[in-house]
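Spelled out from the first residue to the last, the chains are:
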Amino acid sequence: MRKKIIAGNWKMNVKPSETAALVKAVAEATKAYTNVEVACCTPAIDIPVAVAAAEGTHVGIGAENAHWEASGAYTGEISTGMLLDAGAKYVIIGHSERRQYYNETDFTVNKKVHAAVNAGLIPIICVGESLEQRELGVTMDLIAYQVKCALANLPAEKARHVVIAYEPLWAIGTGKTATAEQAGEVCQEIRTVIRKLYGAHVARSVTIQYGGSMNAKNAAELLAQPDVDGGLIGGASLKPADFVQIISAANQE
Ligand code: PEP
């Protein structure tokens, strides 16, 4: 059966010197929670410190991006093998900020997903529609397309370990959360797409998160949706008390 995962996305926040305290605060406050996996996805430069701080705890460390090639002349980039070697367990792929500011496409997302799973990392694959796309009524078609592109040519035994994060663009960093029904119906659609691609067994194994202004107040309602298996949390993951409340809500579901 699939795991519930609450993952923080620190974005370009938190210096290496501030990292250990944040990881340790989260690990300490959630150590009794056995029904949920916890991840902190950090800037690449924080990863070694985060991994050291998380050692011996249940908190997994992740990156926010990776290149699709294993090595080579890609100045400024980091490979999935380097992340694994540094102790990372997860890597966020195709976050909407990367699609928006760094020209990531469904094609590069697919290449990065392959690189991540081949290296032994768990990709947290972000998909989501803009407000305009939602208003045009194409949300489900778009999400299905993004999921199919991300998973193209990925065999079932690898697909069953990926995490998909449904993150409507209009809800990220805006304080405007999708309703539990909106989050639930899109996450259900994502599972349907995976079932059509790989069958019921894989569909049941894949963790599907909601992300977009999830916070201590709205987490329980969102996580109560049957196909919402966790959350990708931006702003609230930087405040240990709030992040811990979200993790607690997931632990109770
Ligand atoms: C995110 O960046 O993945 C995110 C969900 O951010 P926030 O929680 O701040 O909306």
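Note: the structure precedes this text.
Keep in mind it's a predicted model, so treat the numbers as computed, not measured.

The rules we used
- Residues numbered from 1 in each chain as written.
- Predicted model: local features only at pLDDT ≥ 70, side-chain atom pairs only at ≥ 80, totals over all residues.
- Heavy atoms only, no water.
- Buried < 20%, exposed > 50% of the residue type's maximum accessible area, 1.4 Å probe, protein only.
- Helix = DSSP H or I, 4+ residues; strand = E, 2+ residues; numbered from the N terminus.
- Pairing = 2+ DSSP bridges.
- Right-handed = clockwise from strand over helix to strand, strands pointing away.
- Near = heavy atom within 4 Å.
- Polar contact = N/O pair within 3.5 Å; in protein donor to acceptor, adjacent residues only side chain to side chain.
- Areas by Shrake-Rupley, 256 points an atom, 1.4 Å probe, with all protein chains shown as cover.
- Salt bridge = Lys/Arg side-chain N within 4 Å of Asp/Glu carboxyl O.
- Phe/Tyr/Trp six-rings, centres within 6.5 Å; stacked < 30°, edge-to-face > 60°.
- Axes fitted to C-alpha atoms, helices over the stretch in contact; angles between N-to-C directions.
- Parallel < 35°, antiparallel > 145°, perpendicular 65-115°, else oblique.
- Left-handed = near helix turned anticlockwise from the far one by under 90°.
- Contact = heavy atoms within 4.5 Å.
- Nonpolar A, V, L, I, M, F, W, Y, C, P; charged D, E, K, R; others polar.
- Expected span 1.5 Å × (residues − 1).
- Core = buried A, V, L, I, M, F, W, Y, C linked by side-chain atoms within 4.5 Å.

How should I be thinking about the pairing of strand 3 (residues 59–63) in this particular structure?
Consecutive residues of a regular strand have side chains that alternate between opposite faces of the sheet. In terms of burial, strand 3 is largely enclosed, as five of its five residues are buried. Direction of pairing for strand 2 (residues 37–41) relative to strand 3: parallel, over a ladder of four bridges. Note that in strand 3 the partner of Cys 40 across the bridge is Ile 61. Regarding the hand of the β-α-β motif, the stretch spanning strand 2, helix 2 (residues 47–54) and strand 3 is right-handed.

Can you walk me through the site of the ligand in this structure?
Close to the ligand lie 14 residues; Lys 11, His 95, Glu 167, Gly 173 and Ser 213 are nearest. Between the ligand and the protein, one listed contact pairs an oxygen atom with a side-chain N or O atom of Glu 167 at 2.7 Å. At a separation of 2.8 Å, an oxygen atom of the ligand approaches a polar backbone atom of Gly 235. For the ligand, the accessible surface in isolation is 290 Å², of which the surrounding protein chains cover 94%.

Looking at this structure, I do not really get the pattern of salt bridges. What am I missing?
It is possible for side chains of opposite charge to pair when their charged atoms get near one another. Under the definition given, this model contains 10 salt bridges. Glu 28 serves as the salt-bridge partner of Lys 31, at 2.7 Å between the closest nitrogen and oxygen. The salt bridge partner of Lys 112 is Glu 104, with a shortest N-O separation of 2.6 Å. For Lys 112, a relative accessible area of 5% puts it in the buried group. When salt bridges that share partners are traced, they join Arg 2, Arg 191, Asp 227 and Asp 229 into one network.

What is the right way to look at the packing of aromatic side chains in this model?
Any aromatic ring pair is given by two values, namely how distant the centres are and how the planes are angled relative to each other. The final tally for this structure, using the stated rule, is two aromatic pairs. Here the aromatic rings of Tyr 101 and Tyr 102 are separated by 6.4 Å at their centres, their planes lie at 80 degrees, and the arrangement is edge-to-face. Comparing Tyr 101 with Tyr 102, the two get one shared label, exposed.

Just checking my understanding: could you explain the packing of helix 5 (residues 106–119) against helix 7 (residues 139–151) for this structure?
Relative placement of two packed helices is described by the angle separating their axes and the distance separating the axes. Where helix 5 meets helix 7, the closest approach of the two axes is 7 Å, and the angle between their N-to-C directions is 45 degrees. It follows from the interaxial angle that helix 5 and helix 7 lie oblique. Our pair here, helix 5 against helix 7, has a crossing hand that is right-handed. Contacts between helix 5 and helix 7 involve Asp 106, Val 109, Asn 110 and Val 113 on the former and, on the latter, Tyr 145, Gln 146, Cys 149, Ala 150 and Leu 151. Of the residues that constitute the contact of helix 5 with helix 7, the class distribution is six nonpolar, two polar and one charged.

How should helix 5 be read in this particular structure?
Side chains that are three or four residues apart share a direction in an α-helix, a result of its 3.6 residues per turn. Taking 1.5 Å as the rise per residue, helix 5 with 14 residues should run 20 Å; its terminal C-alpha atoms sit 20 Å apart, in good agreement. Of all 14 residues in helix 5, 10 are buried; the element is thus mostly enclosed. Of all the positions in helix 5, only Asp 106, Thr 108, Val 109, Asn 110, Lys 112, Val 113, His 114, Ala 115, Ala 116 and Val 117 are classed as buried. Close packing links the buried residues of helix 5 with helix 3 (80–85), strand 4 (90–93), helix 4 (96–101), strand 5 (122–127), helix 7 and helix 8 (156–159). Just downstream of helix 5, Gly 120 is the residue with a positive phi angle, here 100 degrees.

What exactly am I supposed to notice about the nonpolar core here?
Across soluble globular proteins, you tend to see nonpolar side chains buried next to one another. Formed by 66 residues in total, the largest nonpolar core has its most connected members in Ile 190 and Ile 194. By residue number, the principal contributor to this core is helix 9 (residues 180–198), which donates seven residues. Beyond its immediate stretch of four places on either side in the chain, Ile 194 contacts Val 147, Leu 151, Ile 164, Gly 199, Val 202, Ala 203 and Val 206. Tyr 90, Ile 92, Ile 122 and Ala 165 belong to the second-largest nonpolar core, a separate cluster that totals 12 residues.

What is the right way to look at the sheet that holds strand 7 (residues 207–211) in this model?
One key point about sheets: their strands pair by backbone hydrogen bonds, in either a parallel or an antiparallel sense. As summarised here, the arrangement of the eight strands in space is 1-2-3-4-5-6-7-8, forming a closed barrel in which the pairing is parallel. The sheet shows a mean angle of 25 degrees between the axes of neighbouring strands, taken without regard to direction. Where strand 4 meets strand 5, four bridges bridge the pair, whose relative direction is parallel. The residue of strand 5 that forms the bridge with Ile 92 is Ile 124. Contacting strand 5 and strand 6 (163–166), helix 7 crosses the sheet at an angle of about 150 degrees to strand 5.

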